[in-house]
Amino acid sequence: MVVWEEYVSDETMGTIAPIIVYWIYAGVNQFLSPSLDKYRLHTLDEEHEKNVIPITTVVKGVLLQQLLQILITQLGFFITSYTEETSRPTVQPSVPIQILQILIAMFIFDTCQYFVHRYMHHNKFLYRHVHSHHHRLVVPYAVGALYNHPVEVVSDMLGGAAAFFGSGMTPRTSVWLFCLITVKAVDDHSGLRLPGNLFHVLFKNNGAYHDVHHQVNGVKYNYSQPFFTFWDRVMGTHMPYNVMKRPGGGLEVRMMKKRS
């Protein structure tokens, strides 16, 4: 039993929970970021100088994406007939099985993200008219994690659907998966490297790893997101880096020369 069971369906919770989690986690990171200079990967001056769009435009773009996300998710649940009155109650698997399903889904989602993301960069038309929207944030920050062209909503949702169906999870398990994906995406774009951050401990693919990809000289590397670095390593697009202390205070991600 879960806390929302008596109030909303698992399908509805899977739609709204990631959005709520996004604004809570991103909002906290955004609020604290200016006061955490020694843990920032970029200075506030860099953020203001290098990013070509104001935060108000970013927020509007994210809200539009989330509106489309709600519509597509609900349509998907309707098509798969989870809301049919004649359907039997879904039997929830054991916790170990759910954890295994989430791990499988993470890998499937990463696989979809890598190849779609890489193609978005290599196809000049798609990069110029679609994916370049996200790279307007040369210095990423938390609330801009989901700032994308609306077309990218579809590709992201397809990746989520592949992870959902490919892992065999129930809608209830998917709530945890999609909230995890959301929090991880925000963390990777927060521009903060806080001590004790479990995401930095558990995953090689983290905020510093993704920061390389947002750098002007790093856009052809580190496509993998949001969990593993597997596909970058297999496909030869992995860019190693060092996190250094910035002379004026704070941190800096410096790319290393790739070994031949």
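These figures come from a predicted structure and were not determined experimentally. Residue indices begin from 1 for each chain and proceed along its sequence in written order. With the structure being a predicted model, the display of local features is reserved for residues of pLDDT at least 70 and the display and counting of side-chain atom pairs for 80 or more, all residues being used for whole-chain, interface and lining totals. Note that water and hydrogens are dropped before the side-chain values are worked out from all heavy atoms of the structure.

### Description of the pattern of salt bridges
Threshold: When a carboxyl oxygen of Asp or Glu lies within 4 Å of a side-chain nitrogen of Lys or Arg, that pair is called a salt bridge. The secondary structure listing takes helices from DSSP runs of H or I that are at least 4 residues long and strands from runs of E that are at least 2 residues long, numbered from the N terminus. A 1.4 Å probe rolled over the protein chains alone gives each residue an accessible area, and that area as a share of the maximum for its type sets the label: buried under 20%, exposed over 50%, partly exposed in between.
Evaluation of the coordinates by the stated rule reveals 6 salt bridges. Linking R172 and E5 is a salt bridge whose minimum nitrogen-to-oxygen distance equals 3.4 Å. Highlighted residues: R172 in helix α7 (residues 171-189) and E5 in the segment before α1 (10-32), separated in sequence by 167 residues. A relative accessible area of 12% means that R172 is categorised as buried. On the basis of relative accessibility, which here comes to 38%, the residue E5 falls in the partly exposed class. A salt bridge links D188 to K184, with the nearest nitrogen and oxygen atoms 2.9 Å apart. Placement of the pair is D188 and K184 together in helix α7, with a separation of 4 residues, close to one helical turn.

### Regarding unusual backbone geometry
With an omega of -5°, the peptide bond between Q225 and P226 qualifies as cis. The topology assignment puts P226 in the loop between α9 (207-214) and α10 (230-235). The residue N222 is not glycine, and still its phi comes out positive at about 50°. Take N222: it is sitting in the loop between α9 and α10.

### Things to note about the pairing of strand β2 (residues 251-255)
Selection criterion: By definition, two strands form a pair when at least two bridges between them are found by DSSP.
Pairing between strand β1 (residues 241-245) and β2: 5 bridges, direction antiparallel. Across the sheet, Y241 pairs through a bridge with M255, a residue of β2. Linking two consecutive strands that pair antiparallel, namely β1 and β2, is a turn of 5 residues; a positive phi of about 110° is found at G249 within it.

### What to know about the nonpolar core
To keep it simple, the criterion reads: Residues enter a nonpolar core if they are buried and are Ala, Val, Leu, Ile, Met, Phe, Trp, Tyr or Cys, with the set joined through side-chain atoms within 4.5 Å. For this analysis, residues touch if any pair of their heavy atoms sits within 4.5 Å.
Counting 14 residues, the largest nonpolar core has M106, A163, M169 and L177 as its most contacted members. For this core, the secondary-structure elements that each account for two or more residues are α4 (95-122), α6 (151-167) and α7. Among the elements that make up this core, the one with the highest residue count is α4 (5 residues). The residues touching M169, leaving out its near neighbours within four places in the chain, are Q101, I102, A105, F164, S174 and L177.

### Topic: the environment of L146
With respect to the element layout, L146 can be found in the loop between α5 (124-129) and α6. For L146, a relative accessible area of 18% gives the class buried. Counting along the chain gives 40 residues from L146 to V186, while the straight-line C-alpha distance between them is 7.9 Å. Beyond its immediate stretch of four places on either side in the chain, L146 contacts Y22, V62, Q65 and Q66.

### Topic: the packing of α6 against α7
Heads up, the condition is: All axes are obtained by fitting lines to C-alpha atoms, using only the stretch in contact for helices, and the reported angles, taken between N-to-C directions, cover 0 to 180 degrees. Here is the rule for angles: anything less than 35 degrees is roughly parallel, anything more than 145 is roughly antiparallel, 65 through 115 is roughly perpendicular, and the remaining ranges are oblique. Should the near helix be turned anticlockwise from the far one by less than a right angle, the crossing is termed left-handed; should it be turned clockwise, right-handed. Gly is put with the polar residues, along with every residue not named as nonpolar or charged; the nonpolar set is Ala, Val, Leu, Ile, Met, Phe, Trp, Tyr, Cys and Pro, and the charged set is Asp, Glu, Lys and Arg.
Taken N-terminus to C-terminus, the directions of α6 and α7 make an angle of 135°; their axes are 11 Å apart at the nearest point. The angle between α6 and α7 places the two elements in the oblique class. The handedness of the crossing between α6 and α7 comes out as right-handed. The segment α6 lies against α7, with G160, A163 and F164 engaging P171, S174, L177 and F178. Class assignment of the residues belonging to the contact of α6 with α7 gives a composition of 5 nonpolar, 2 polar and no charged.

### With respect to the UniProt feature "transmembrane region" (unreviewed entry) in the chain
We count it as follows: UniProt positions are given in the numbering used here, feature names are shortened, and annotations may be inferred rather than shown by experiment.
The positions UniProt marks with the feature "transmembrane region" (unreviewed entry) are residues 12-32, 52-79 and 99-116. The annotated region residues 12-32 carries 100% helix and 0% strand content, and the separation between its end C-alpha atoms amounts to 31 Å.

### Considering the side chain of R246
Let me state the cut-off plainly: In this tally, Asp and Glu contribute negative charge and Lys and Arg positive charge; neither His nor the terminal groups of the chain are included.
Tracing the backbone through its elements, the reader meets R246 in the loop between β1 and β2. Buried charge R246 goes without a salt bridge, the closest partner of opposite sign being E46 at 4.4 Å.

### Overview of the UniProt feature "domain: Fatty acid hydroxylase" (unreviewed entry) in the chain
When the UniProt feature table is mapped onto this chain, "domain: Fatty acid hydroxylase" (unreviewed entry) is found at residues 103-237. As annotated, residues 103-237 comprises 60% helix and 0% strand, and the C-alpha atoms at either end are separated by 23 Å.

### Considerations on a nonpolar patch on the surface
Operational definition: For patch building, the residue pool is restricted to those with more than 30% relative accessible area and no salt bridge; the joining distance is 9 Å between like charges and 5 Å between nonpolar side chains (Val, Leu, Ile, Met, Phe, Trp, Tyr). Surface accessibility follows the Shrake-Rupley procedure with a 1.4 Å probe radius. Residue values consider only the protein chains on display as shielding.
The grouping of I16, I20, I24, V28, F31 and L32 at the surface amounts to a nonpolar patch, some 580 Å² of accessible area in total. Topologically, F31 is positioned in helix α1.

### Observations regarding the packing of aromatic side chains
Quick reminder of the rule: Each Phe, Tyr or Trp ring, with Trp reduced to its six-membered ring, pairs with another whose centre is within 6.5 Å; inter-plane angles below 30 degrees give stacked pairs, above 60 give edge-to-face pairs, and intermediate values give tilted ones.
For the structure on display, the rule yields 14 aromatic pairs. An angle of 70° between the planes, with centres 6.4 Å apart, marks the rings of Y209 and Y241 as edge-to-face. One end of the pair, Y209, is in helix α9; the other, Y241, is in strand β1, and 32 residues separate them in sequence. Taken together through their ring pairs, the aromatic side chains of F107, Y114, F115, Y223, F230 and W231 make up a single cluster.

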